[in-house]
Amino acid sequence: MSSSIRTLARRAALVAATGAAALVLAACGGDGADRAAGGAGHGDAGSHAPAGSPSPAGAHNPQDVAFAQGMIPHHRQALEMARLAADRASSGTVKDLAKRIEKAQDPEIRTMSGWLKTWGEKVPEGTGAGGTDHSGSGHSGMPGMMCGEDMAALEKLTGKAFDVQFLTMMVEHHEGAVEMAGTERSKGRHTAAKAMADDIVTAQNAEISEMNKLLGRSESKS
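Residues numbered from 1 in each chain as written. Predicted model: local features only at pLDDT ≥ 70, side-chain atom pairs only at ≥ 80, totals over all residues. Heavy atoms only, no water.

A. Broad picture of the packing of aromatic side chains. Tallied over the full model, the rule gives two aromatic pairs. Aromatic side chains tryptophan 115 and tryptophan 119 sit 6.2 Å apart centroid to centroid with 20 degrees between the ring planes, which places their arrangement in the stacked category. Residue tryptophan 115 and its partner tryptophan 119 are both found in helix H3 (residues 92-119); the two are separated by four residues, about one turn of the helix. The pair formed by tryptophan 115 and tryptophan 119 is uniform in burial state, with each residue classed as buried. Their ring planes at 20 degrees and their centres at 5.7 Å tell us that phenylalanine 162 and phenylalanine 166 sit as a pair that is stacked. On the criterion of helical spacing, the pair formed by phenylalanine 162 and phenylalanine 166 is a turn pair, its members being four residues apart in helix H5 (residues 159-187). Among the residues examined, phenylalanine 162 registers a relative accessible area of 0% and is labelled buried. (Phe/Tyr/Trp six-rings, centres within 6.5 Å; stacked < 30°, edge-to-face > 60°. Helix = DSSP H or I, 4+ residues; strand = E, 2+ residues; numbered from the N terminus. Buried < 20%, exposed > 50% of the residue type's maximum accessible area, 1.4 Å probe, protein only.)

Structure (structure tokens):
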């Protein structure tokens, strides 16, 4: 009788141990799934961060905020210029370049807006697309930003004259963005923002070289 009792006790202990192990595995699996789900739910704000990586609330500094708040309107003006090319440019190369600029910078605007919302900072109001002021007058101190007169003059051009003016203005605009991104790379803290700054420097320097060649210039400014 005592042997049966010992056997039953051992079985009960084995069942309990097996159940505890299953609970631990389930907890670990659930934690991983939760992290994956959390990473997928960040949307634009996490598009430049590795999936599942932590994003501490304090992992940014005032330079990161200034970068996002400045680059958003800077990008928006570039998009305004790029969208004019669709029915004004005569060169297929210029039209293709404008499409590439729009494809690259529009998602970056959404990403930076997401960061600012996450940080509890103000997202710059949209301009241009809704027919509101697109002069950039509120951001005239930023490198490469065009004034209202420049934008209005570009809108009036078509054909080769548009192509030349578009490329000339966009080179200056890109050089300003590269300068702003360089400041973020050296003074920013937020990992994803610094990664975006790296991307901007690389991509826009390449486009500057491309545009200068189209303009017949030998070399772009560094």
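B. Representation of the side chain of asparagine 61 in the model. Among the secondary structure elements, asparagine 61 is positioned in the loop between helix H1 (2-40) and helix H2 (62-88). By relative accessible area, which is 18% here, asparagine 61 ends up buried. A polar contact is formed between the side chain of asparagine 61 and the backbone nitrogen of glutamine 63, at a distance of 3.1 Å. (Polar contact = N/O pair within 3.5 Å; in protein donor to acceptor, adjacent residues only side chain to side chain.)

C. Inspection of the nonpolar core at higher detail. Counting 44 residues, the largest nonpolar core has Phe67, Met81, Met112, Trp115 and Phe166 as its most contacted members. Put simply, the parts of the chain that give this core at least two residues each are H2, H3, helix H4 (148-155), H5 and helix H6 (191-214). It is H2 that provides the largest number of residues to this core, a total of 11 residues. Residues within four places of methionine 112 in sequence aside, it is in contact with Phe67, Ala68, Met71, Ile72, His75 and Met196. (Core = buried A, V, L, I, M, F, W, Y, C linked by side-chain atoms within 4.5 Å. Contact = heavy atoms within 4.5 Å.)

D. Fine view of the packing of H2 against H5. With their axes 10 Å apart at the nearest point, H2 and H5 run at an angle of 165 degrees to one another. With respect to H5, the axis of H2 lies roughly antiparallel. For the pair H2 and H5, the crossing hand works out as left-handed. Taken together, the residues of the contact of H2 with H5 sort by class into 14 nonpolar, eight polar and four charged. (Axes fitted to C-alpha atoms, helices over the stretch in contact; angles between N-to-C directions. Parallel < 35°, antiparallel > 145°, perpendicular 65-115°, else oblique. Left-handed = near helix turned anticlockwise from the far one by under 90°. Nonpolar A, V, L, I, M, F, W, Y, C, P; charged D, E, K, R; others polar.)

E. Region of the structure containing the environment of glutamate 172. Mapped onto the elements, glutamate 172 comes out in helix H5. Beyond its immediate sequence surroundings of up to four residues, glutamate 172 is in contact with Gly144 and Met146.

F. Inspection of the pattern of salt bridges at higher detail. Applying the stated rule across the entire model yields six salt bridges. Glutamate 102 is the salt-bridge partner of arginine 83, the closest N and O atoms lying 3.1 Å from each other. With arginine 83 in helix H2 and glutamate 102 in helix H3, the pair connects residues that are 19 residues apart, well separated along the chain. Beyond isolated ion pairs, a larger network of salt bridges with shared partners links Asp96, Arg100 and Glu210. (Salt bridge = Lys/Arg side-chain N within 4 Å of Asp/Glu carboxyl O.)

G. Structural detail: the environment of glutamine 63. Checked against the element boundaries, glutamine 63 lands in helix H2. For the pair formed by glutamine 63 and glutamate 184, sequence separation is 121 residues and the distance between their alpha carbons is 6.6 Å. Excluding residues that lie within four positions of it along the chain, glutamine 63 makes contacts with Thr183, Glu184, Lys187 and Gly188.

H. Here's a closer look at the packing of H5 against H6. At their nearest, the axes of H5 and H6 sit 8 Å apart, and the two run at 155 degrees to each other. Considering the angle they form, H5 stands roughly antiparallel to H6. In this structure, H5 crosses over H6, and the sense of that crossing is left-handed. Its residues placed into classes, the contact of H5 with H6 shows 13 nonpolar, six polar and six charged.

I. Quick look at H3. With 28 residues, H3 should cover 40 Å at 1.5 Å per step; its first-to-last C-alpha distance of 41 Å lies within 8% of that length. The N-cap of H3, judged by a side-chain oxygen 3.2 Å from the amide nitrogen of threonine 93 a few residues on, is serine 91. After H3 finishes, the residue glycine 120 shows a positive phi value of roughly 75 degrees. (Expected span 1.5 Å × (residues − 1).)

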